[in-house]
Amino acid sequence: KTRGRFGKLFEKGLIQKEYRAVISLTSRSPKYDFCVENHMERGNPFFKMQITPRKRPNTRTECRFLDESKDRALCRIIPYSGKKHQIRLHLSSVGCPILHDPLYGISADAPASEASPPLQLLAYRLAFRDPLSGQERSFRSKKTLSWPSD
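Residues numbered from 1 in each chain as written. Predicted model: local features only at pLDDT ≥ 70, side-chain atom pairs only at ≥ 80, totals over all residues. Heavy atoms only, no water.

This brings us to the pattern of salt bridges. Two side chains carrying opposite charge are able to pair once their charged atoms lie near each other. A full pass over the atoms with the stated rule returns 11 salt bridges. Here Arg 125 makes a salt bridge to Glu 18, at a shortest N to O gap of 3.2 Å. A residue pair is termed long-range when its members are at least 10 positions apart, and Arg 125 in strand E7 (residues 121-129) and Glu 18 in strand E1 (residues 16-24) qualify at 107 residues. The two residues Arg 125 and Glu 18 agree in class, both being buried. (Salt bridge = Lys/Arg side-chain N within 4 Å of Asp/Glu carboxyl O. Helix = DSSP H or I, 4+ residues; strand = E, 2+ residues; numbered from the N terminus. Buried < 20%, exposed > 50% of the residue type's maximum accessible area, 1.4 Å probe, protein only.)

So, about the sheet that holds strand E8 (residues 136-140). The 6 strands lie next to each other as E2-E5-E6-E1-E7-E8, forming an open sheet whose pairing is antiparallel. Of all the strands in the sheet, the pair left with one neighbour each is strand E2 (34-38) and E8. The mean inter-strand angle of the sheet, taken between neighbouring strand axes irrespective of direction, is 20 degrees. The pairing of E1 with strand E6 (residues 72-79) spans 6 bridges and is classified as antiparallel. If you follow Val 22 over to E6, its bridge partner there is Leu 74. (Pairing = 2+ DSSP bridges. Axes fitted to C-alpha atoms, helices over the stretch in contact; angles between N-to-C directions.)

For the rest of this paragraph, the subject is the nonpolar core. Grouped together as the largest cluster of nonpolar side chains are 13 residues, with contacts concentrated most on Ile 23, Phe 34, Cys 75, Ile 77 and Leu 91. Broken down by secondary-structure element, the contributors of at least two residues to this core are E1, E2, strand E5 (59-69), E6 and helix H2 (86-93). Considering each element in turn, this core owes the most residues, 3 residues, to E6. Excluding residues that lie within four positions of it along the chain, Cys 75 makes contacts with Tyr 19, Arg 20, Ala 21, Ile 23, Cys 63, Arg 64, Phe 65 and Leu 66. In this structure, Leu 74, Leu 99, Tyr 124 and Leu 145 belong to the second largest nonpolar core, which totals 6 residues. (Core = buried A, V, L, I, M, F, W, Y, C linked by side-chain atoms within 4.5 Å. Contact = heavy atoms within 4.5 Å.)

The structure is reproduced here in structure tokens:
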């Protein structure tokens, strides 16, 4: 019963999610904060997602630059929908792949190894109204990303 109430928060989009990411800046990268909206669906191979043009958007992600260093940036990411790989695909699609992303990154065709550096994407904060008590709750990660990057 309790788990179901919390699950409904995710289903109804009532959980505020905030991520941090270190992205690679490319010649296609936006110069300022941006928002990506498009239609995402299962791709090929089956474990990847793809953007489908000319279909009604079903995903939205906002990106805010927090800091920049050479060819990388530290960003605050807010996904307003919760599709699989949404953040990774959205950022990559506008020329801002997440550092060390083996699926959607710059070197996505290179085989990943057990020694591959970790994906630089962090679930930073969750906030919601507790469905049992009605209190506002907020949880922040104590983990950090590799920033400033070398």
